[in-house]
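Examining the three-dimensional arrangement
Letter by letter, the chains look like this.
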Amino acid sequence: INYLLEKSRLVYQQKGERNYHIFYQLTKDSGIRSKFGMKGPEHYRYTNQSGVYDAHLIDDAEEFDAVNEAFDLLSFDKAHQDWILQLTCGILTLGNCTFKEKKEKGGVTGYSIVDKAPLGEAAKLIGVSQDDLERVLTYRSITVRGQKAVIPLDPEKARSGTDSLAMG
């Protein structure tokens, strides 16, 4: 039986639950791991929260073969298949971004990415610049009376924004 999962389950799972099956399929497939630089599911925030990496009676390799067969049956060409899988790997990697405090101009406290490696990997996989992705994850902008203001996000809002981007 296959179930549709709510978007919120993408960023958080209860103990004993897995995230979307495709994440485990991608992180366990040697070809995908090699092609997109992925690691095992225990290395990703979006798949390691529950501590469950295998599901009873689900063979991730067999299921991934079925996904690839479905791509072919639906006439997705190889380039589109790769793009979808690459983007999915990027979303999974995006969840590994974490934030730390930094001092901004004028004594304002802002936040930056702790480790740029997941940010760079996610940006590459998603197909955006690392600087643009970092800016989106650490700042918000508002326009009041035609004036644009850029405001640093605190870590909780940065995490929430990162998770919202992944869910979107």
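Each remark here, short or long, concerns the structure printed above.
Residues numbered from 1 in each chain as written. Predicted model: local features only at pLDDT ≥ 70, side-chain atom pairs only at ≥ 80, totals over all residues. Heavy atoms only, no water.

Brief notes about the pairing of strand S4 (residues 147–152)
For strand S3 (residues 139–144) and S4, the ladder comprises 6 bridges, and the chain directions are antiparallel. Bridge assignment links Ser141 to a residue of S4, and that residue is Val150. Hairpin geometry of S3 and S4 is characterised by an intervening segment of 2 residues between the two adjacent antiparallel strands and by a positive phi of about 50° at Arg145. (Pairing = 2+ DSSP bridges. Helix = DSSP H or I, 4+ residues; strand = E, 2+ residues; numbered from the N terminus.)

Quick word on the side chain of Thr162
Its location among the elements puts Thr162 in helix H8 (residues 155–167). Given a relative accessible area of 0%, Thr162 falls into the buried group. When neighbours within four sequence positions are excluded, Thr162 is seen to be in contact with Tyr46, Leu94, Phe99 and Leu137. (Buried < 20%, exposed > 50% of the residue type's maximum accessible area, 1.4 Å probe, protein only. Contact = heavy atoms within 4.5 Å.)

A short note on unusual backbone geometry
Phi at Leu57 takes a positive value of approximately 65°, unusual for a residue other than glycine. Given a relative accessible area of 78%, Leu57 falls into the exposed group. Positive phi values are uncommon outside glycine, yet Arg145 reaches one of about 50°. By the secondary structure assignment, Arg145 is in the loop between S3 and S4. Since its relative accessible area comes to 84%, Arg145 is described here as exposed.

Brief notes about the pattern of salt bridges
Throughout the structure, instances matching the rule amount to 9 salt bridges. Close ionic contact of Arg45 with Asp163 constitutes a salt bridge, the shortest N to O distance being 3.3 Å. Taken as a pair, Arg45 in helix H3 (residues 45–48) and Asp163 in helix H8 lie far apart in primary sequence, 118 residues in all. When its relative accessible area of 25% is taken as the criterion, Arg45 is described as partly exposed. Salt-bridge contacts for Glu134 lead to Lys116; the nearest nitrogen and oxygen are separated by 2.6 Å. Of this pair, Glu134 sits in helix H7 (residues 130–138) while Lys116 is found in helix H6 (residues 116–126), placing the two residues 18 residues apart along the sequence. (Salt bridge = Lys/Arg side-chain N within 4 Å of Asp/Glu carboxyl O.)

Section: the packing of helix H5 (residues 78–94) against H6
Interaxial distance between H5 and H6 falls to 8 Å at its minimum, and their mutual angle equals 155°. In terms of their interaxial angle, H5 and H6 are classed as roughly antiparallel. Judged by the twist between their axes, the crossing of H5 over H6 is left-handed. For the pair H5 and H6, the contacting residues are Gln86, Leu87, Cys89, Gly90, Ile91, Thr93 and Leu94 in the first and Pro118, Glu121, Ala122, Lys124, Leu125 and Ile126 in the second. Of the residues that constitute the contact of H5 with H6, the class distribution is 8 nonpolar, 3 polar and 2 charged. (Axes fitted to C-alpha atoms, helices over the stretch in contact; angles between N-to-C directions. Parallel < 35°, antiparallel > 145°, perpendicular 65-115°, else oblique. Left-handed = near helix turned anticlockwise from the far one by under 90°. Nonpolar A, V, L, I, M, F, W, Y, C, P; charged D, E, K, R; others polar.)

Points about the environment of Ile32
Within the secondary structure, Ile32 is located in helix H2 (residues 30–36). For Ile32, a relative accessible area of 7% gives the class buried. Sequence spacing of Ile32 and Thr47 is 15 residues, and the spatial spacing of their C-alpha atoms is 16 Å. If we skip the residues at most four places from it in the chain, Ile32 touches Leu26, Gly37, Met38, Phe64, Leu85 and Cys89.

What to know about a nonpolar patch on the surface
The grouping of Leu73, Leu74 and Phe76 at the surface amounts to a nonpolar patch, some 330 Å² of accessible area in total. Position of Phe76 among the secondary structure elements: in the loop between helix H4 (60–73) and H5. On the basis of relative accessible area, Phe76 is assigned to the partly exposed category, the value being 32%. (Patch = residues over 30% accessible without salt bridge, like charges linked within 9 Å, V, L, I, M, F, W, Y side chains within 5 Å. Areas by Shrake-Rupley, 256 points an atom, 1.4 Å probe, with all protein chains shown as cover.)

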